[in-house]
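Spelled out, the chains give:
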Amino acid sequence: MHLLNPFQMNDWDNRTFFWGFQAIQLAFIGVVCLGLAGYHIPIAREALAVLYMTFLPGVLVLKVIRLHDLGTIETMLYSVGLSLAVLMLTGLAANIAYPLLGNARPFSFATLSLTIVAVMQILLYFALIRDREHAASNPKITIPSSPAVSFLLILPFLAIIGTHMRDEYHMITLLFLLLILIAIVGLAVGYDRFIPASCYPLAVYTIALSLLYHTSLISEYVWGYDIHHELHLANSVLIPGLWDMSIPYNTNGMLSVVALVPIYSLICDLDPIWVFKILYPLLFALVPLGLYRAIEKQTSPKIGFLSVFFFVSFFTFYTEMISLARQQIAELFLALTVLAMIDKSMDRGRRVFLMVTFGFAMIVSHYGLSYIYLFSLIPAWLLLILPEHLPSGIQERLRGISGALMPDPLAPEGNKPRQRIRTLVLPYIVIFGVLTYLWYSTVAEGTAFATIAGIGDKIWNTLFTDSFNPTTAQGMHILTSQSITPLHGLAKVVHIATQGLIAVGLLATLMKRERWRIEPEYLAVSLVFLVINIAGIIVPFFASSLNTSRLYHITLILLAPFAIIGGIALYDAVVGKIRVIMAAPLMGTAYQALSAFFVVFLLFNSGLIYQVVNDDPTSMALETTGDKPVFNGKEVQGARWLFSEGNKRPIYVDGTRWWLLLGFDLRHQRYLPENASLMEPNSYLYFGTYNLMRESVRLEAQEHAVTVAGYTDAGRYVQDQNRIYDNAGSAIYYR
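Residues numbered from 1 in each chain as written. Predicted model: local features only at pLDDT ≥ 70, side-chain atom pairs only at ≥ 80, totals over all residues. Heavy atoms only, no water.

**Quick look at the overall build of the protein chain**
For step 1, the next point in the chain: Looking only at helices and strands, the protein chain has 31 helices and seven strands in total.
For step 2, the next point in the chain: Taking all contacts inside the protein chain whose residues are at least 6 apart in sequence as the whole, residues at least 24 apart take part in 77%.
For step 3, the next point in the chain: In the structure as shown, the protein chain presents an accessible area of about 30,400 Å², 65% of it carried by carbon and sulfur atoms. (Helix = DSSP H or I, 4+ residues; strand = E, 2+ residues; numbered from the N terminus. Contact = heavy atoms within 4.5 Å. Areas by Shrake-Rupley, 256 points an atom, 1.4 Å probe, with all protein chains shown as cover.)

This is the structure in structure tokens:
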């Protein structure tokens, strides 16, 4: 039995599409009405609302621009990206228009639900009118018959059950098993065992989602750093039903937080906490899938898989990014921009529409990533046009710079590439730059624009005096600091080795363009990203504006495949000529050696190795006793009680608990001073579970670009203080 492919609805004939669309819409409306009448069907509203809002608007836009025959992966990815863009723009338009029409609460369930249904009906009308002459192919869905499909689908459920067991019973056995199984999948691909190439896209998504869920689902509250501020801003929209775009915080200008989260929360009837913990990882896991598709189209499925395995294995992907919801959405748009950029078979007008749309969506999602992308486009464009202005003799030698793509195994038959054209052009860069300036200089009182100006000024004033200084260059501090144990020192060597592989891979690609047929635009931006990586090590205050780990994670979005290319090049140059080494275990082929290496990379980054040998464990999920920004229900309850009092007195808190209080109100909290006598009178002191159990507080100090932290006795801060609240998990004192 062959069913229509639901991921390619834009390729259905109009009649089938119309009734399929209406069936989903009516099911969604029906479930919502039943809920309003008091009949709640578990999970039905959430699932249908997510499907309705996250996929269908984008499918309608694809039909409006008459973009077809993309294949399953591209259609799904572009549909999700366009849907998110439509939702954010709908929220923005509603927030501006409805107050002018007398509706003071545009972010309410009734207003938003009616608005979204109306937008969908308008898009449906234009889709059917503009796409009426489409010769429908009605593609059928094909599910691989391999037993690997069932195995891969189990991985996310292991993460869900494993985090529940961890939180409820302090058992991490299933999470251990999950990480081992993911490592086995990596080895299986390298050894051509069990996982066929047709299952690589599924493997990429399930591995990414499993790694995200194995951290995001710990605790019943958001955990991490910036996400507490993001939660506060989302609630500041939901409570009054209106987004105040004048609040002067950088994050307040990001529609990925102030529009998208409230929309999902209201329509799905989900607390924004669970929007962050469940829905955003579902979307963020599409980033590796988009990168896999972009890499595979230029190289091969196996290089694509190993590249993405490297990308998701780096700890920032499933730790730091969990607490940066706005960047999760922005990276999805960056991955989609890259995918559209390298697709030379697409009509120029449609590709421009996609790149500009995804570019604008990136701008309104995260300022840091948008700035990095913008500042990389100009030198990348110069690298592309430079060969055209060289002497003819040199041009002849560099003619290979525009090599052809590898055959695309997932493209529909008969979809032949058209004549090659450049996709990274000056008008696109100008449009992106203008949109960036207009948005960041107007919303949130221009704080995002002022922030980048301040960072630039600080870098310029110290560039020629403090370069390579470990106290100002965060990357240099990481490289030169002493590892806490020999095993952690070995992990640092492994990380440095990956950057060496990237450099070798870029060099090999430039020297052998006929073998490594990477698109010129992709290669040009990647070279700039390598320079950004180096700048993060030597340029003062550059990496610290984001954190070195985040900066490296961002550059890996494009640089990851060059680590695989570099590994293959090194294997061919060294190992391939020495038969004794080739006969050694894990060294039979370059893919086997690389899969083994990156499995070790995963085991270090996930903290599994440290946990097994009890060597200063680092894992957020596996380590349950250390001082981490993961907060229990009693700590949250205590914070809520404190802020429910509505007072405006100073609140003192240590470095870790600071982030919890950030989710409630950041105007009154203060860092604990090293000298307890400096605490203001008539102030509060908040202690969390770690402070009470260990009788210790974390003190932090900023030394240029480096944060210096240490622990001290908590007793000296509670002398002459009155304990006014205690729930055995948090305590509040008043002085």
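**Focus on helix 22 (residues 486-511)**
For step 1, the next point in the chain: End to end, helix 22 covers 37 Å across 26 residues, agreeing with the expected 38 Å (1.5 Å per residue, within 8%).
For step 2, the next point in the chain: By the burial criterion, the buried members of helix 22 are His488, Ala491, Lys492, Val494, His495, Thr498, Leu501, Ile502, Gly505, Leu506, Ala508 and Thr509. (Expected span 1.5 Å × (residues − 1). Buried < 20%, exposed > 50% of the residue type's maximum accessible area, 1.4 Å probe, protein only.)

**Things to note about the side chain of Thr316**
For step 1, the next point in the chain: Within the fold, Thr316 resides in the loop between helix 14 (301-313) and helix 15 (325-342).
For step 2, the next point in the chain: Note on Thr316: relative accessible area 0%, which makes it buried.
For step 3, the next point in the chain: If sequence neighbours within four positions are ignored, Thr316 has contacts with Met321, Ser549, Arg550 and His553.

**Looking at the pairing of strand 6 (residues 722-726)**
For step 1, the next point in the chain: For strand 6 and strand 7 (residues 731-734), the ladder comprises four bridges, and the chain directions are antiparallel. Looking at strand 7, one finds that Arg723 is bridged to Tyr733.
For step 2, the next point in the chain: Between strand 6 and the antiparallel strand that follows it, strand 7, lie four residues; Ala728 among them carries a positive phi value of about 70 degrees. (Pairing = 2+ DSSP bridges.)

**Notes on the packing of aromatic side chains**
For step 1, the next point in the chain: Using the criterion set out here, one finds 32 aromatic pairs in the structure.
For step 2, the next point in the chain: Here the aromatic rings of Tyr373 and Phe432 are separated by 5.1 Å at their centres, their planes lie at 80 degrees, and the arrangement is edge-to-face. Here Tyr373, found in helix 17 (residues 367-385), pairs with Phe432, found in helix 19 (residues 426-442); they are 59 residues apart in sequence, far enough to count as distant.
For step 3, the next point in the chain: For Tyr373, a relative accessible area of 2% puts it in the buried group.
For step 4, the next point in the chain: Among the aromatic residues, those joined into a ring-pair cluster are Phe310, Phe597, Phe598 and Phe601.
For step 5, the next point in the chain: For Lys63, the ring lying beneath its charged end belongs to Phe17, and the centroid distance is 4.9 Å. (Phe/Tyr/Trp six-rings, centres within 6.5 Å; stacked < 30°, edge-to-face > 60°. Lys NZ or Arg CZ within 6 Å of the ring centre and 35° of its normal.)

**Quick word on the pattern of salt bridges**
For step 1, the next point in the chain: Applying the stated criterion across every chain, the model contains 18 salt bridges.
For step 2, the next point in the chain: In this structure, Asp343 engages Lys297 in a salt bridge whose closest nitrogen and oxygen atoms are separated by 3.6 Å. Pair noted here: Asp343 is in the loop between helix 15 and helix 16 (348-363) and Lys297 is in helix 13 (residues 286-298), with a separation of 46 residues, a long-range link. By the burial criterion, Asp343 is buried, and Lys297 matches it.
For step 3, the next point in the chain: Through salt bridges with shared partners, a single network forms among Glu74, Arg293, Glu296, Lys297 and Asp343. (Salt bridge = Lys/Arg side-chain N within 4 Å of Asp/Glu carboxyl O.)

**Here we look at the side chain of Thr206**
For step 1, the next point in the chain: Position of Thr206 relative to the elements: it lies in helix 8 (residues 200-216).
For step 2, the next point in the chain: According to the relative accessible area criterion, Thr206 is buried, its value standing at 3%.
For step 3, the next point in the chain: Side-chain polar atoms of Thr206 contact the backbone oxygen of Leu202, separated by 2.9 Å.
For step 4, the next point in the chain: Polar contacts involving the side chain of Thr206 include one to the main-chain carbonyl oxygen of Ala203, which spans 3.3 Å. (Polar contact = N/O pair within 3.5 Å; in protein donor to acceptor, adjacent residues only side chain to side chain.)

**Focus: the packing of helix 4 (residues 72-100) against helix 13**
For step 1, the next point in the chain: Their axes nearest at 11 Å, the elements helix 4 and helix 13 cross at an angle of 135 degrees. As judged from the angle between their axes, helix 4 and helix 13 are oblique. At the point where helix 4 passes helix 13, the crossing takes the left-handed sense. Mapping the contact onto sequence places Ile73, Glu74, Met76, Leu77 and Val80 in helix 4 and Leu286, Leu289, Gly290, Arg293 and Lys297 in helix 13. (Axes fitted to C-alpha atoms, helices over the stretch in contact; angles between N-to-C directions. Parallel < 35°, antiparallel > 145°, perpendicular 65-115°, else oblique. Left-handed = near helix turned anticlockwise from the far one by under 90°.)

**Focus on the nonpolar core**
Here is a general trend for soluble globular proteins: nonpolar side chains tend to be buried in one another's company.
For step 1, the next point in the chain: Residues Tyr78, Phe305 and Trp439 are the most contacted members of the largest nonpolar core, which totals 225 residues.
For step 2, the next point in the chain: The element contributing the most residues to this core is helix 24 (residues 548-573), with 15 residues.
For step 3, the next point in the chain: Setting aside its immediate chain neighbours within four residues, Phe305 contacts Val185, Gly186, Val189, Tyr200, Ala203, Val204, Ile207 and Tyr292.
For step 4, the next point in the chain: Formed by 12 residues, the second largest nonpolar core is a distinct cluster that contains Tyr652, Val697, Ala731 and Tyr733. (Core = buried A, V, L, I, M, F, W, Y, C linked by side-chain atoms within 4.5 Å.)

**Brief notes about helix 5 (residues 109-130)**
For step 1, the next point in the chain: Across its 22 residues, helix 5 extends 31 Å between first and last C-alpha, which sits within 8% of the 32 Å expected from 1.5 Å per residue.
For step 2, the next point in the chain: Looking at the buried side of helix 5, the elements it contacts are helix 1 (14-36), helix 2 (44-54), helix 3 (56-64), helix 4 and helix 11 (260-268).

**A short note on the environment of Ile564**
For step 1, the next point in the chain: Counting through the fold element by element, Ile564 comes out in helix 24.
For step 2, the next point in the chain: Along the sequence, Ile564 and Leu306 sit 258 residues apart, while their C-alpha atoms lie 7.0 Å from each other.
For step 3, the next point in the chain: Residues in contact with Ile564, not counting those within four places in the same chain, are Ile303, Leu306, Ser307, Leu594 and Phe598.

**What about the layout of surface pockets?**
For step 1, the next point in the chain: Its volume calculated, the second largest pocket comes out at about 1,700 Å³.
For step 2, the next point in the chain: Together, 47 residues line the second largest pocket, and Phe7, Thr72, Met76, Ile141 and Leu202 are the ones closest to its centre.
For step 3, the next point in the chain: Those elements that provide at least two residues to the lining of the second largest pocket are helix 2, helix 4, helix 6 (148-169), helix 8, helix 12 (272-284) and helix 13. (1 Å grid on protein atoms, 1.4 Å probe; cavity = no way out; pocket = protein on both sides within 12 Å on 5 of 7 lines; lining within 4 Å. Points joined across faces, edges and corners; volume = space filled by probe spheres on them.)

**Notes on the packing of helix 9 (residues 226-238) against helix 11**
Each packed pair of helices is defined by two parameters, the angle between the axes and the distance between the axes.
For step 1, the next point in the chain: It is the contact of helix 9 with helix 11, at a shortest axis distance of 9 Å, that shows an interaxial angle of 60 degrees. Taken together, helix 9 and helix 11 sit at an angle that is classed as oblique. Handedness of the crossing formed by helix 9 with helix 11: right-handed. Here helix 9 contributes Ala234, Val237 and Leu238 to the contact with helix 11, which in turn contributes Val261, Pro262, Ser265 and Leu266.
For step 2, the next point in the chain: Here the residues of the contact of helix 9 with helix 11 are counted per class, giving six nonpolar, one polar and no charged. (Nonpolar A, V, L, I, M, F, W, Y, C, P; charged D, E, K, R; others polar.)

**Examining the environment of Ala676**
For step 1, the next point in the chain: For Ala676, the location among the structural elements is in the loop between strand 2 (669-671) and strand 3 (684-687).
For step 2, the next point in the chain: Separated by 43 residues in the primary sequence, Ala676 and Gln719 have C-alpha atoms spaced 9.2 Å apart.
For step 3, the next point in the chain: For Ala676, the residues in contact, after removing those within four places along its chain, are Arg716, Tyr717 and Arg735.

**Some details on unusual backbone geometry**
For step 1, the next point in the chain: Positive phi values are uncommon outside glycine, yet Arg66 reaches one of about 55 degrees.
For step 2, the next point in the chain: With respect to the helices and strands, Arg66 occurs in the loop between helix 3 and helix 4.
For step 3, the next point in the chain: Assessed through its relative accessible area of 39%, Arg66 is described here as partly exposed.
For step 4, the next point in the chain: The backbone phi angle of His170 is positive, close to 55 degrees, even though this residue is not glycine.

**Some thoughts on the sheet that holds strand 1 (residues 651-653)**
Strands belonging to one sheet form pairs held by backbone hydrogen bonds; the direction of such a pair is parallel or antiparallel.
For step 1, the next point in the chain: Strand order in the open sheet formed by five strands is 2-1-3-7-6, and the pairing between neighbours is mixed. Strands at the two margins of the open sheet, each flanked by one partner only, are strand 2 and strand 6. Going across the sheet, the axis of each strand differs from the next one's by a mean of 30 degrees, ignoring polarity.
For step 2, the next point in the chain: Relative to strand 7, strand 3 is paired through four bridges, and the arrangement is antiparallel. Bridging from a neighbouring strand, Leu685 pairs with Tyr733 of strand 7.

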